[in-house]
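One letter stands for each residue in the lines below.
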There are 2 protein chains.
Amino acid sequence: MRVYGDRLSGNCYKIQLLLHHLGTAHEWVDVDILRGDTRTERFLALNANGKIPVLELDDGRVLPESNAILNYLADGTDFLPDDAWARAQVLAWQFFEQYSHEPAVAVARFIVRYQGTPEARREELARCQARAKDALLVMERHLAGHEFFVGGRMTIADFSLYAYTHVAHEGGVTLEAYPAIRAWLDRVAGHPRHSVMAEGGA
Amino acid sequence: MRVYGDRLSGNCYKIQLLLHHLGTAHEWVDVDILRGDTRTERFLALNANGKIPVLELDDGRVLPESNAILNYLADGTDFLPDDAWARAQVLAWQFFEQYSHEPAVAVARFIVRYQGTPEARREELARCQARAKDALLVMERHLAGHEFFVGGRMTIADFSLYAYTHVAHEGGVTLEAYPAIRAWLDRVAGHPRHSVMAEGGA
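Residues numbered from 1 in each chain as written. Chains lettered and ligands numbered in written order. Predicted model: local features only at pLDDT ≥ 70, side-chain atom pairs only at ≥ 80, totals over all residues. Heavy atoms only, no water.

Asks: Can you explain the side chain of glutamine 89 of chain B? Please cite residues and give values.
Replies: Here glutamine 89 of chain B is to be found in helix 4 (residues 84-114). Residues in contact with glutamine 89 of chain B, not counting those within four places in the same chain, are Val62 and Leu63 of chain A together with Val150 of chain B. (Helix = DSSP H or I, 4+ residues; strand = E, 2+ residues; numbered from the N terminus. Contact = heavy atoms within 4.5 Å.)

The structure is reproduced here in structure tokens:
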């Protein structure tokens, strides 16, 4: 299998993290978002939505969307429960991540770290930071009573939320007020098969 | 089972549509977003993220996020394939819906239809409409070669995308340029067990 991804993207890091835990052989094709690699005709033929990551199987079938890829790759492994209710809980946290968390936490970080907070985006940054805090509070309340997001063990729901949460401070959102989140980040990163995000990650 | 939902919300309509197709007995608890029902202490105890819909089982377990609820309710039915690859494709379209489609199509409609396009949101509306067209183009290209989104038959991926697409024009986004989408909307609405969205729906 082949993964098209930008090593600086948190959404791609999720896939890298799971594949490292599973020890799955794969080819990684570097795609540089900032250089416009996702807008080429060749890439748009893979994913008409022009986003990474994209998974390509050896027979040529392709799958976009980081969380859909995680569900496919984790099926039948320890990182995705078999039970329908537990799987639905994993999905609920992943949809929370894509709707309420990533558009706030990841965008704030992009504006601060990669764009140097241009004047034109200051208001948007403040909105992202406020929404990021709301999302972190939802996570904090859950993690205050749970070691991991679903079923008492590490699943792809943790990978999905770890990717941008562990670098939230780079978007001006500190984790000081969220002790349960910090303890959970340490649990995820403390796993013997953990893999760190590339330096300079976006 | 009990569904907490606002009949005017497209995200809640997805659940209503699936339950109607399945003929599943359930209690519907009306929650009025505009009145602030999702910000009460009682509601936040159900879903700390303060969003509808929420599914509550008879034993008190709760599940938020419209697309997670659809996956749980459709498991084992004709509306969700058993095959892991097909399920991943369903998820990919649902994550596309929540990240690239809903925040554009549904928000444009809310600004136009429910707020009467206030001056302060005109720029945001233009951005939403532009992003909505990008999302619709991705759908159009896929539907030009497929009757339904996944596996040649109606699945919860279709319900997820139908909810806000069929009222996109109410946000100033017409479907004239998307004949394949219009034909697909007719196929979904033409099903003998189809259920229409509440009048005045948001």
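Asks: For helix 1 (residues 10-22) of chain B, give the residues involved together with the corresponding values.
Replies: Residues and elements named next belong to chain B. Compared with the 18 Å implied by 1.5 Å per residue over 13 residues, the 19 Å span of helix 1 between its first and last C-alpha is a close match. Most of helix 1 sits out of view: 11 of its 13 residues are buried. When helix 1 is considered as a whole, its buried residues turn out to be Gly10, Asn11, Cys12, Tyr13, Lys14, Ile15, Gln16, Leu17, Leu18, Leu19 and His21. Of the surrounding secondary structure, the elements contacted by the buried residues of helix 1 are strand 1 (2-5), strand 2 (27-30), helix 3 (66-74), helix 4 and helix 6 (156-165). Structurally, the start of helix 1 carries an N-cap: the backbone nitrogen of asparagine 11 is 3.1 Å from a side-chain oxygen of serine 9. Of the residues flanking the end of helix 1, it is glycine 23, one or two places downstream, whose phi is positive at about 65°. (Expected span 1.5 Å × (residues − 1). Buried < 20%, exposed > 50% of the residue type's maximum accessible area, 1.4 Å probe, protein only. Polar contact = N/O pair within 3.5 Å; in protein donor to acceptor, adjacent residues only side chain to side chain.)

Asks: Please give an account of the relation of the copies chain A and chain B that cites residues and values.
Replies: Structural alignment of chain A on chain B gives an RMSD of 0.0 Å, achieved by rotating through 180° and translating 0.0 Å along the axis. Seen this way, the second copy is the image of the first under a two-fold rotation axis. Among all residues of chain A, the one whose C-alpha sits closest to the rotation axis is tyrosine 99 of chain A, at a distance of 3.1 Å. With an isologous cut-off of 70% or more, the 100% of interface residues of chain A that recur at the interface of chain B puts this contact in the isologous class. (Least-squares fit on C-alpha atoms with pLDDT ≥ 70 in both.)

Note that every value here comes from positions in space, so none of it alone points to a role or purpose.
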